[in-house]
Amino acid sequence: MPHPDPSFLVAAVVLAALTGVGLESCHRRGTHLRAGEVPRRRLPAGALLVPTVATAAWFVLILPHDTVTERLVLGLHLLVGVATVALAGIDVAVHRLPDTLTVPLTGTVLVAFGLTATGLLGPGGEAGRRALLAGVVASLSLLVAALVLGGIGLGDVKLACPLGAVLGWHGWDTLLTGAALAWLLAALVALCALVRGAAHRGTAIPLGPFLGLGALFAVVL
């Protein structure tokens, strides 16, 4: 594990905390809601702030950031992590992942990893190319699953691309681990809901939070 500059870590945590507070404020005001849309579930206080801060701090602690390429990749992890927390909150509330977040996030991640793939920023060209391919593979795989199984929204397909790219940077095994964990977590939660009687076979379960958790755990592992 790298040894980050304490001041860098503190700055990242403070910025993440401010971002988390902003996300919670936007969520309480209902900025994610369409006209006339009623949230299916209300998030408790801290549901966005805590994971935002925890994710940012953990990425700074475990990821190297000495070179230009490493700092760019760390920035992408932070961006995808924070955006995924925001998207997960929206998905839990309204079972929807808005294009206003998923599309810019996907574009930014692909462009940034495209820069690393060129090798102009330093070592990491091979990992950058793998990340780009992994993002495409992850998105296409989920699209096929949506067509075959149903119950998977296009928002999930779009979110799979930046998550897959970040996982692909670490390796194909990390991508597979993230995908497996996401489906496993979703299945366990669905099973628990069925056992408790809180859901039935036709109940829709938001997939976005599980995609994010699976990716996070895979990077940590």
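None of the values given here were measured: they were computed from a predicted structure.

Draft legend 1. Expanded view of helix H4 (residues 99-118). The terminal C-alpha atoms of H4 lie 28 Å apart, and with 20 residues this matches the ideal 28 Å at 1.5 Å per residue to within 8%. Buried within H4 are the following residues: Thr 102, Leu 105, Thr 106, Val 109, Ala 112, Phe 113, Thr 116 and Ala 117. Angularly, the buried residues of H4 cover 145° about the axis, an arc narrow enough to put them on a single face. Along H4, exposed side chains directed more than 90 degrees from the buried face belong to Thr 100 and Val 111. Where H4 is buried, its residues contact helix H3 (68-94), helix H5 (125-149) and helix H6 (154-170). Remark: Gly 119 follows H4 within two positions and exhibits a positive phi of approximately 80°.

Draft legend 2. Here's a closer look at the environment of Leu 43. For Leu 43, the location among the structural elements is in the loop between helix H1 (6-29) and helix H2 (49-62). What makes Leu 43 partly exposed here is its relative accessible area of 25%.

Draft legend 3. Broad picture of a nonpolar patch on the surface. A contiguous nonpolar patch, built from Val 144, Leu 147, Val 148, Leu 149 and Trp 183 and spanning about 570 Å² of accessible area, is present on the exposed surface. A per-element tally of the nonpolar patch places H5 first, with 4 residues. Mapped onto the fold, Trp 183 is located in helix H7 (residues 172-196).

Draft legend 4. Up close: the pattern of salt bridges. Taken as a whole, this structure holds 3 salt bridges when the rule is applied. Residues Glu 24 and Arg 28 are paired through a salt bridge, measuring 3.8 Å at the closest nitrogen-oxygen approach. With Glu 24 and Arg 28 both in helix H1 and 4 residues apart, this pair spans about one turn of that helix. Glu 24 sits in the buried class, given a relative accessible area of 11%.

Criteria and thresholds
Residues numbered from 1 in each chain as written. Predicted model: local features only at pLDDT ≥ 70, side-chain atom pairs only at ≥ 80, totals over all residues. Heavy atoms only, no water. Helix = DSSP H or I, 4+ residues; strand = E, 2+ residues; numbered from the N terminus. Expected span 1.5 Å × (residues − 1). Buried < 20%, exposed > 50% of the residue type's maximum accessible area, 1.4 Å probe, protein only. Arc of directions from axis to C-beta. Contact = heavy atoms within 4.5 Å. Patch = residues over 30% accessible without salt bridge, like charges linked within 9 Å, V, L, I, M, F, W, Y side chains within 5 Å. Areas by Shrake-Rupley, 256 points an atom, 1.4 Å probe, with all protein chains shown as cover. Salt bridge = Lys/Arg side-chain N within 4 Å of Asp/Glu carboxyl O.

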